[in-house]
Amino acid sequence: ERETRLKFICDCTAGVMSSTGRSAFFSRTHVNYEIKGDVAVIRMNDPSVNTLSVQMQREMTEVMDEVWGNSAVQSVVLISSKPGSFIAGADLNMIQACTTAEEVTLLSQEGQKMFEKIEKSPKPIVAAINGSCLGGGFEFAIACQYRIATKSKKTVLGCPEVMLGLLPGAGGTQRLPKMLGLPSAFDVVLTGRSIRPDKAKKMGLVHQLVDTLGPGLKSPEERTIEYLEEVAVEAARGLAKKQIPLTKEKGLMQKIQDYVMSYPFVRQQIYNTVQKKVMKQTKGLYPAPLKIIECVKAGLEQGPTAGYLAESQNFGKLAMTPESKALIGLYHGQVTCKKNRFGTPEKEVKALAVLGAGLMGAGIAQVSVDKGIHTILKDTTLEGLSRGEQQVYKGLNDKTKKKSITTFERDSFLSNLTGQLDYNGFNKADMVIEAVFEDLSIKHKVLKEVEAVIPPHCIFATNTSALPIKDIAAVSKRPEKVIGMHYFSPVDKMQLLEIITTDKTSKDTTASAVAVGLKQGKVIIVVGDGPGFYTTRCLAPMLAEAVRVLQEGVDPKKLDSLTTGFGFPVGAATLADEVGIDVAAHVAEDLGKAFGSRFGGGNIEFLKSMVDKGFKGRKSGKGCYIYQPGLKRRDVNTEALEILESYKLTPNAAISSDSDIQYRLVSRFVNEAVLCLQEGILANPVEGDIGAVFGLGFPPCLGGPFRFVDSFGADKLVEKMRKFEEVFGNQFTPCQLLLDHAKDPSKKFHK
Amino acid sequence: MLTTNQSSYDLFCFILQRSKKEKCTFHFHNTTVNIFVAKSKKTLAKPGVKNIVLVDGVRTPFLQSGTIYADLMPHDLARAALQGLLNRTGLPKDAVDYIVYGTVIQEVKTSNVAREAALGAGFSDKTPAHTVTMACISSNQAMTTAVGLIAAGQCDAVVAGGVEFMSDVPIRHSRRMRKTMLSLNKAKTLGARLSLLGSIRLAHLAPELPAVAEFSTAETMGHSADRLAAAFGVSRLEQDEFALRSHTLAKKAQDSGLLSDVISFKVPGKDIVSKDNGIRPSTMEQMAKLKPAFIKPHGTVTAANSSFLTDGASAVLIMSEEKALAMGYKPKAYLRDFVYVSQDPKDQLLLGPTYATPKVLEKSGLTLNDIDVFEFHEAFAGQIMANLKAMESDWFAQTYMGRKTKVGAPPMEKFNSWGGSLSLGHPFAATGCRLVTTVAHRLQKEGGQYGLVAACAAGGQGHAMVIEAYPQ
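Residues numbered from 1 in each chain as written. Chains lettered and ligands numbered in written order. Predicted model: local features only at pLDDT ≥ 70, side-chain atom pairs only at ≥ 80, totals over all residues. Heavy atoms only, no water.

Draft legend 1. Here's a closer look at the overall build of chain B. On a plain count of helices and strands, chain B comes out with 17 helices and 12 strands. Relative to the globule expectation of 23 Å for 472 residues, the C-alpha radius of gyration of chain B, 24 Å, shows essentially globular dimensions. With the C-alpha coordinates of chain B rotated into their principal frame, the extents come out at 90 × 55 × 40 Å. The proportion of buried residues among the 472 residues of chain B is 55%. If you take every contact in chain B between residues at least 6 apart in sequence, the share linking residues at least 24 apart comes to 79%. Carbon and sulfur atoms make up 56% of the accessible area of chain B, which amounts to about 20,200 Å² in all. Chain B carries 52 positive and 41 negative side-chain charges, and their two centres are separated by 4 Å. (Helix = DSSP H or I, 4+ residues; strand = E, 2+ residues; numbered from the N terminus. Rg over C-alpha atoms; globule rule 2.2 N^0.38 Å. Buried < 20%, exposed > 50% of the residue type's maximum accessible area, 1.4 Å probe, protein only. Contact = heavy atoms within 4.5 Å. Areas by Shrake-Rupley, 256 points an atom, 1.4 Å probe, with all protein chains shown as cover. Lys, Arg positive; Asp, Glu negative; His and termini not counted. Charge placed at Lys NZ, Arg CZ, Asp CG, Glu CD.)

Draft legend 2. Here's a closer look at the sheet that holds strand 8 (residues 156-158) of chain A. All names here are of chain A. If you trace the three strands from one edge of the open sheet to the other, you get 4-6-8, paired in parallel fashion. Two strands in the sheet have a free side with no partner beyond their single neighbour: strand 4 (85-87) and strand 8. Adjacent strand axes in the sheet meet at a mean angle of 10°, parallel and antiparallel pairs treated alike. Two elements, strand 4 and strand 6 (residues 132-134), share two bridges in a ladder whose sense is parallel. Across the sheet, S85 pairs through a bridge with S132, a residue of strand 6. (Pairing = 2+ DSSP bridges. Axes fitted to C-alpha atoms, helices over the stretch in contact; angles between N-to-C directions.)

Draft legend 3. Geometry of the environment of S260 of chain B. Residues and elements named next belong to chain B. Inspection of the secondary structure assignment puts S260 in the loop between helix 10 (236-255) and strand 6 (265-266). In this structure S260 comes out as partly exposed when scored by relative accessible area, which is 34%. Spatially, the C-alpha atom of S260 lies 8.0 Å from that of V58, the residues being 202 residues apart in sequence. Ignoring sequence-local partners within four residues, the contact set of S260 consists of R88 and H441.

Draft legend 4. Quick look at the domain arrangement of chain B. For chain B, the assigned domains are domain 1 (2-37), domain 2 (52-168 + 256-469) and domain 3 (175-205). When each unit is reduced to the centre of its C-alpha atoms, the spacing between domain 2 of chain B and domain 3 of chain B is 44 Å. (Domains from an automatic or database assignment.)

Draft legend 5. Seen up close, the UniProt feature "domain: 3-hydroxyacyl-CoA dehydrogenase C-terminal" (unreviewed entry) in chain A. As recorded in UniProt, the sites labelled "domain: 3-hydroxyacyl-CoA dehydrogenase C-terminal" (unreviewed entry) are residues 532-627 of chain A. Secondary structure across residues 532-627 of chain A divides into 62% helix and 2% strand, with the first and last C-alpha atoms of the span separated by 29 Å. (UniProt positions renumbered as here; feature names shortened; annotations may be inferred.)

Draft legend 6. Summary view of a positive patch on the surface. A cluster of basic residues, R175, R176, K179 and R201 of chain B, forms a positive patch at the surface. Topologically, R201 of chain B is positioned in the loop between helix 8 (190-198) and helix 9 (221-231). (Patch = residues over 30% accessible without salt bridge, like charges linked within 9 Å, V, L, I, M, F, W, Y side chains within 5 Å. Salt bridge = Lys/Arg side-chain N within 4 Å of Asp/Glu carboxyl O.)

Draft legend 7. Structural detail: the UniProt feature "domain: Thiolase C-terminal" (unreviewed entry) in chain B. Within this structure's numbering, the places UniProt gives as "domain: Thiolase C-terminal" (unreviewed entry) are residues 329-468 of chain B. Helix makes up 36% of residues 329-468 of chain B and strand 21%, whereas the separation of the span's terminal C-alpha atoms amounts to 17 Å.

Draft legend 8. Looking closely at the nonpolar core. Residues V432, Y534, L559, V674, F698, F708 and L738 of chain A are the most contacted members of the largest nonpolar core, which totals 100 residues. Sort the elements by how many residues they give to this core and helix 27 (residues 658-679) of chain A lands first, with 11 residues. (Core = buried A, V, L, I, M, F, W, Y, C linked by side-chain atoms within 4.5 Å.)

Draft legend 9. Region of the structure containing helix 7 (residues 182-191) of chain A. All names here are of chain A. Restricting attention to buried positions, one finds in helix 7 the residues L182, A185, F186, V188, V189 and L190. On its buried side, helix 7 packs onto helix 6 (172-180), helix 8 (197-203), helix 10 (252-261), helix 11 (264-282) and helix 12 (287-302). Two residues or fewer after helix 7 comes G192, characterised by a positive phi angle close to 70°.

Draft legend 10. Expanded view of the sheet that holds strand 1 (residues 31-36) of chain A. Residues and elements named next belong to chain A. Taken in spatial order, the six strands line up as 1-2-3-5-7-9 in an open sheet, and their pairing is mixed. Either end of the sheet is taken by a strand with one partner, and the two such strands are strand 1 and strand 9 (208-210). Averaged over all adjacent pairs, the angle separating strand axes in this sheet is 20°, with direction ignored. Pairing geometry for strand 1 and strand 2 (residues 39-44), over six bridges, is antiparallel. By the bridge assignment for strand 2, N32 is matched with R43.

Draft legend 11. Local environment of the pattern of salt bridges. Taken as a whole and judged by the stated rule, the model has 66 salt bridges over all chains. Of the charged contacts in the structure, one is a salt bridge between E545 of chain A and R548 of chain A, with a shortest N-O distance of 2.7 Å. Of the two residues, E545 of chain A and R548 of chain A both sit in helix 21 (residues 535-551), three residues apart, roughly one turn of that helix. Exposure remark for R548 of chain A: the relative accessible area of 6% places this residue in the buried category. Of the charged contacts, one joins E468 of chain B and R336 of chain B as a salt bridge, the two residues approaching to 2.9 Å between their closest N and O atoms. Of the two residues, E468 of chain B sits in strand 12 (residues 461-469) while R336 of chain B sits in strand 9 (residues 333-342), which places them 132 residues apart along the sequence. Note on E468 of chain B: relative accessible area 2%, which makes it buried. In this structure, a network of salt bridges that share partners links the residues E545, R548, E552, R664 and R668 of chain A.

This is the structure we're talking about:
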């Protein structure tokens, strides 16, 4: 298949774009059109998802040539027959199939040429957009003369290429600055954020909005597309007859902005500001945003020819970067982890009960009620319950402020929540998730209480970050119904859910837990049971190393900048404060017992001294840093430094350079991850990468620990670890699987 | 099998009307039955159920808001309707057991407008009165409340009605301003008052205007009507044609004196008003010139094919048949079965008639063919056309209503033939009584047996009622 793809690319590059005698005999499968009076309606209908695949581009070119050649046609409507998408983007496989930057550059140039023809079309083209209009699809739309979008919740516009380490390679970096002005264009292209239809209208990205329709003589989806087409056909006629002007009268603000932008030094100032901002946010670890600035600049300062050339060449270069490959890998991984590989559960969970209305419990309740799951939130005290219910309310109310939901939707979501102190109604629960304090005896007590009141089919899920599930399930009468569901805090923001199965957990229980997690909008990894499962187990040695680094006299701020400089979104010292020093101490002690000296490093006593002083991290106001409500600036907690003084270690100069410290932290993380795969805790490297990035903030530009090993080289990593091993011993001993990969460079975790 | 025995006849009819299929079976087996199939039932009277009658109904002229009624208050209009009813029926004021009145946009000073209007109209102060609200079917609710009171044996004579006054609506201070003003009441010292006054910002002075929008969806009704019309593929042309029909028929009815429910009203400081003033038959060309009012630029609902903001009030006298006859009245009609329905307030906001019609027909054991007179509330021409298309669609009936087949659309010659809300006007809470009184009058005039009232209302609700002619 890859060969045929390449062949198509070659065909295209040879300029064989127009309809050939041969292809005319083949019926088109992706694009068709109908002439409605003097308007040609072109419908895109890829058998799977509408992407700018080679096939789609070829058929589109054919159709466009026929339409341009047809003198009866005065104007054109471009629409998708798919309810949920206009064009979801370029075909990623098409880009991944290329082996050199030049190949990708050629792909980009073909796209540029095609859209240039669209832009210069003598017959006005109306893009009628319903559903996702992203990436290449968005670039297609903005090359058209006029855009009409539905107000559907599924309709989003944007260029998310930057999130895949790429740039909009089919004219996006050239057209957007002209359409939106420099500041807005940078905002759209550099953030890659999705733009909702109403916002797009305000920005001037679309000219007209069409409402979604309810039930009529056809299904709402079908009729909405028909309606969009009717409106678009009318608009196309109006454009052809010049009743609708193509250029809108510019507003005063727009005129002022244009005037200011006409000064080169103003533009230069903007480039500099944006560049600085990008460097600050990415630490220079992500090449795509910088290349985007370069392309925009080339287009505006040196003219379109230079701009388009810069765009296509940089697109090619970016596609070959490890960062882009890592990000695309994560994208694919995320898609995989949004599927239930355990099949459809026998019984759908409609009634959920959450035990404990703390941060986690209330968070779990929040992401359940807004998906229509009836949820009981139970706590033992009225104060605790009230705090938890307020958290759910606030979480949903904040969404109304951002206008992502209406106040009416908030109210109707909240009607799914029942707060209570007793076990009333648990007899009808399909699943209970307990989120009580991390203490085995309390968990045992709760499990027994719950099992006494729930129906036989009800699943008992336990939310714990480190306690082995089999230990919790030891007192269960029905261990096949017991499973671990490890949520990450804050639950409504963190995408990851780590599901832990014991060897007694039934497949249907797992399928059910995954189904609930997916409904809650989570990205899910399913791992085996053991101390710390996967995520906590990877994090613990890294934090142990971080403590040692602090003991060696590295300032918390310096430690943070070393970790963020490696690509972690949150620095190690800050992370410890976020997780909670008490939790870190607790976990370090537990896992230390389970894994022995290998999990050593920093002195746990230091953490305990911190906890004794009340320095439990952000939640207590003090940890490595001092937190003051309303203040963004954080000062280092000097009292913590005083405690550190008494645990001071002398650093070994041979392994204490900035780079050494970074690799000491990262290699322990990565080695533990590989060991988890070796031991079967992890089912596959994909879930390992997704878990590390989405749950622990492993640098996304590295794509996760496994992709990092692949790209960095297992041999080089082992070499570094051996150096550290000489000083610190078994904490840095590479695991067997890592050694296997080091020995044989052809061995890769990701093919 | 066929006897003159009344009860077995009723039973027979009941069986016949259960479904068309059964009808056919009978049709083949027994030719005698054919007679009964071709004719409709003689009456919907049920053994053991009280007959409840409409004695009479009146309304003030319906005027475009901001015209001659502009300086009145809602209860003034309601008073006029109530007094008009008293004059028309010659009813002794103390013979009324209860008064129920509907209103939608409430004047805060007269929140129980029923009571204020009744007192002002000179009803006995011993007659209790309450106000109901259910958007555009408020006076339908008032009437069915009356029916309920009589059926339950609690009352024998009830006045029901509705009033809407759009020339003046409550415009509130902003929430912040209200809060400050309420705190000001409680402030004890001058200093506290001054500091509260000082906290007022310019933005707090912006008023809150009421909107004809759904609270749950924040969508205005016109916008929803436009979407509904689009969902059913109702064209602008169809809507304009229907609106023109409404105005033309209303004009004809007005000119031929058919709108006998309208009473004359001497407006203080102004002339006597005795005619609706919103009836304006236009031409298709003129109507086509209007721009869409809600969805721009491609919408189809315009000012010309929508009902307009109207001031007006209506009132009806409802009695048990025995009481009416005992007092020497000749009732106009029986009020029979009624239903209320509700559905999705977003996408099916105005489809009440589609849902209510088959339900009330089923309840009465009638089919659409049995109905001689249809009076549907015309909120928007697009809404009426959408409802007609929905009623004519098997797919819609099966997919959204859980029915096997469509109920069918009413034949246009029987439909709103004296005009409707689009032309006569639509004072929200007064329309229901107008519909019922019009059905009674049309049945008398046209000699039919059964009439059907149906209406949609904000909140995604709807109503339908079967009315039977009183033997003349």
